[in-house]
Amino acid sequence: MLLMPLLLMLAGPNGREDVKAWRDHQDKEMRGDKSPFAVERVETLEKDRNSLGSATDAAVKLPGAGIPAVAGEVLLLDGKAVLVSQSPQMLVNGKFEKEHTLLGTDWVALGQYRLQLRRPNGKFAIRVSNLKGQAMLRYHGLKYYDFDERYRVPAQFTAESAQHDFTVESSQGGPQQLPYAGKLSFELLGKPYTLDAFVDSDEPDALFVIFRDTTSGKKTYGVGRYVYVARSASTTLDFNKAFNPLCAYGPLFFCPIPPKQNHLPVAIPVGEKTYEVH
């Protein structure tokens, strides 16, 4: 789950204003109803019929004022998860549906809760986000380095002739497959570098770059950081828009770890810093 829309992520003509707009939008998303800080838990669906609501015996317990004892059920039928709503308060992607086959991209709203279907280890589960949870209440904004034009550089993209998957490690352990796009070549402070670029399903028309640098684990998140780049033979790589993966904000997310060839042997002192819980 990546938060920034493509138009704000890719480099515009005015770097400083572009980065400010991107940061403002990112903060708005972090405070919104799809914020990673709202995610509280993942409930595995153990039965063929799984109730949702405030009842103490609900399969997915959602306590709170105004939440029906049973707002609906998730039925596991023929390899699918079907939401059957019993309350008009339960909305799927903004509207009431009596019955809906859930996909991982669907958002179910019920009062202060937001629910999404997940399949960890191949089992159906519901990820529960609570907009009134402690992590949301403690959110105090993201931290960034100051903008520095020197880290907004022209880059050349060499596309892979035949797209294939590339195996990287994930933050939860085990391998993860990323579609390989090609290589970005650029100069930074007078020295040449290359980074492998991938494709992210959330933004398939952009280049997805995952990297580490010598600030990783010190001033920036230890796993590494990500940045999107416009997909073009001649493009702009703006490290001022480097952002943390979602696993930087909580243990319920898993994120691809930059491969060794994407470990830059220099500091990239721009973009997002480590998020500190207060």
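A quick note: this is a predicted structure, and the numbers were derived from the prediction, not measured.

Rules behind the numbers
- Residues numbered from 1 in each chain as written.
- Predicted model: local features only at pLDDT ≥ 70, side-chain atom pairs only at ≥ 80, totals over all residues.
- Heavy atoms only, no water.
- Core = buried A, V, L, I, M, F, W, Y, C linked by side-chain atoms within 4.5 Å.
- Buried < 20%, exposed > 50% of the residue type's maximum accessible area, 1.4 Å probe, protein only.
- Contact = heavy atoms within 4.5 Å.
- Pairing = 2+ DSSP bridges.
- Helix = DSSP H or I, 4+ residues; strand = E, 2+ residues; numbered from the N terminus.
- Axes fitted to C-alpha atoms, helices over the stretch in contact; angles between N-to-C directions.
- Expected span 1.5 Å × (residues − 1).
- Arc of directions from axis to C-beta.

(A) Spatial organisation of the nonpolar core. Counting 30 residues, the largest nonpolar core has Phe37, Leu142 and Tyr249 as the members making the most contacts within it. When near neighbours in sequence (up to four residues on either side) are disregarded, Phe37 contacts Met30, Ala135, Met136, Tyr139, Tyr249 and Tyr275. Core analysis: the next-biggest nonpolar cluster, separate from the first, contains 23 residues, Phe157, Tyr193, Leu264 and Val270 among them.

(B) Main features of the sheet that holds strand 11 (residues 152-169). An order of 15-14-13-12-11-16 is seen for the six strands of this open sheet, with the pairing classed as antiparallel. Looking at which strands have only one partner, the edges of the open sheet turn out to be strand 15 (225-230) and strand 16 (234-238). Ignoring which end each strand starts from, the neighbouring axes of this sheet average 45° apart. Direction of pairing for strand 12 (residues 175-188) relative to strand 13 (residues 191-200): antiparallel, over a ladder of eight bridges. Opposite Glu187, over in strand 13, you have Pro192 as the bridge partner.

(C) Up close: helix 2 (residues 15-30). Compared with the 22 Å implied by 1.5 Å per residue over 16 residues, the 22 Å span of helix 2 between its first and last C-alpha is a close match. Taken residue by residue, helix 2 has Gly15, Asp18, Val19, Trp22, Arg23, Gln26 and Met30 as its buried positions. What you see down the axis of helix 2 is that its buried residues fit within an arc of 130°, all on one side. Facing away from the buried side of helix 2 by over 90 degrees, the exposed positions are Glu17, Lys20 and Lys28.

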